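A closer look at the structure
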Amino acid sequence: MKGMILEMYKINEEIDKIFNELIELSEYIYNNPELGNQEFLSSKAHIDFLTKYGFKVEEHFIGIETAFKAVYDSNKPGPTIALLDEYDALPGVGHGCGHNMIGAVGTGTGIIISKFLDEIGGKIFVIGTPAEETNGAKVDMANQGVFNDIDAVLMAHPADESYASIQSLAIEAIEFEFIGKAAHAASDPEKGINALDAVIGTFNGINALRQHIESSARIHGIITEGGVAANIVPEKAVANFYVRATTKKYLTELIEKVKNCARAGALSSGAELKISNYEKTYDNFASNKFFDKLLLENMKKYDVEQLMDNNTSLGSLDAGNVSHKCPAVHPMFSISKTPLVAHTKEFAKATLTSYAYKQMKSIIGALSQTGIDLLTNADLLKKIKSDFDNAIK
Ligand SMILES: [Zn+2]
Ligand SMILES: [Zn+2]
């Protein structure tokens, strides 16, 4: 490849050729919000788009109906770079997390890099990863070795500020089901075992525990079943919790304490307790300082606005599991100059603004440049890989 300025010019020229179609793709996904694992229209739209631009697509990837793997192979030796698409929506607020843009950015970046691939060698994957908000497909993909032979993974998420590196918490979704015994609540209360009392005991225990946990950890839950009528002693009660921590190690420790709160609730009420996971466990995101630095430089080069140093938001991502299998980046790009709250209709609407599109173009440029840098600079890739090895060991 030639010098940086020519490359930047070439990349921007390729983005301009498909940018209106990428806006249409993002708006189509926005207008057809589909919940996790039901993203039939959304995954098909990406598959059609990638097929049109010369990718070979494997549908129903790893047996998940709305997952796919699209490949562009130069048939010349070189690294393998993967872009990850998301396209699941949220109940009630549609694309309140902006995953309509994540898909457009991943698919767009994959296509842009593919335009240069015959010249520079290597392989590009664009992988469609359903259900990030609930039962993240990336967890199964990571467990099944999908990322083991990939040299680097890139994706980007919309937000109200921009960051090259992110922090995301490890998370476990834990369900406590208590089984008691029904009885007339007034005439035979002594014959009943109150499962709801066990749930309330669990909440009280966890509320006390909260004072003694690391400040970055989070425990939050709801009661999904709490009895059927006020004159029947609740026979069954169920509570769902999310427990989050900055490391998997602390999460494991904390989960045991949360379980003990439920065990105490069961013991004091006499109810039986069943513990299960109602969604998949996500790892914390393992960031890579060389990869983040390269990306940050390219975000500046391509004029990603509202670029901040430190990301302090504490969510959880299924991309965390990917980051423990191969070097990965998950930057945020701002789509609004005023503060936005994720998982709201306002956030969804912000994905349709001209500022969001301007930023989408910049982040596609930055990710494409980063991918091309890795494909053409073996030393850089080596550094990133050794940083990954050290961090994961
Ligand atoms: Zn979300
Ligand atoms: Zn999201």
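Residues numbered from 1 in each chain as written. Chains lettered and ligands numbered in written order. Predicted model: local features only at pLDDT ≥ 70, side-chain atom pairs only at ≥ 80, totals over all residues. Heavy atoms only, no water.

Focus: the domain arrangement of the protein chain
- For the protein chain, the domain assignment lists domain 1 (4-167 + 283-392) and domain 2 (170-277).
- Placing the centre of domain 1 and that of domain 2 at their C-alpha centroids yields a distance of 38 Å.
- Listed as interface residues are 6 residues of domain 1 and, on the opposing side, 8 residues of domain 2.
- Buried surface at the junction of domain 1 and domain 2, both sides included, amounts to about 590 Å², of which 47% is carbon and sulfur. (Domains from an automatic or database assignment. Contact = heavy atoms within 4.5 Å. Buried area = accessible area lost by both parts, 1.4 Å probe.)

Details of the side chain of Thr 344
- Relative to the helices and strands, Thr 344 resides in the loop between β12 (332-334) and α9 (345-350).
- Filtering out sequence-adjacent residues up to four positions away, Thr 344 remains in contact with Val 93 and Gly 96. (Helix = DSSP H or I, 4+ residues; strand = E, 2+ residues; numbered from the N terminus.)

Examining the packing of helix α7 (residues 289-301) against helix α11 (residues 378-392)
- Packing of α7 against α11 leaves a shortest axis separation of 7 Å and a crossing angle of 135 degrees. Put simply, α7 runs oblique to α11. For the pair α7 and α11, the contacting residues are Lys 289, Phe 290, Phe 291 and Leu 294 in the first and Leu 380, Lys 383, Ile 384 and Asp 387 in the second.
- The class makeup of the residues in the contact of α7 with α11 is 5 nonpolar, no polar and 3 charged. (Axes fitted to C-alpha atoms, helices over the stretch in contact; angles between N-to-C directions. Parallel < 35°, antiparallel > 145°, perpendicular 65-115°, else oblique. Nonpolar A, V, L, I, M, F, W, Y, C, P; charged D, E, K, R; others polar.)

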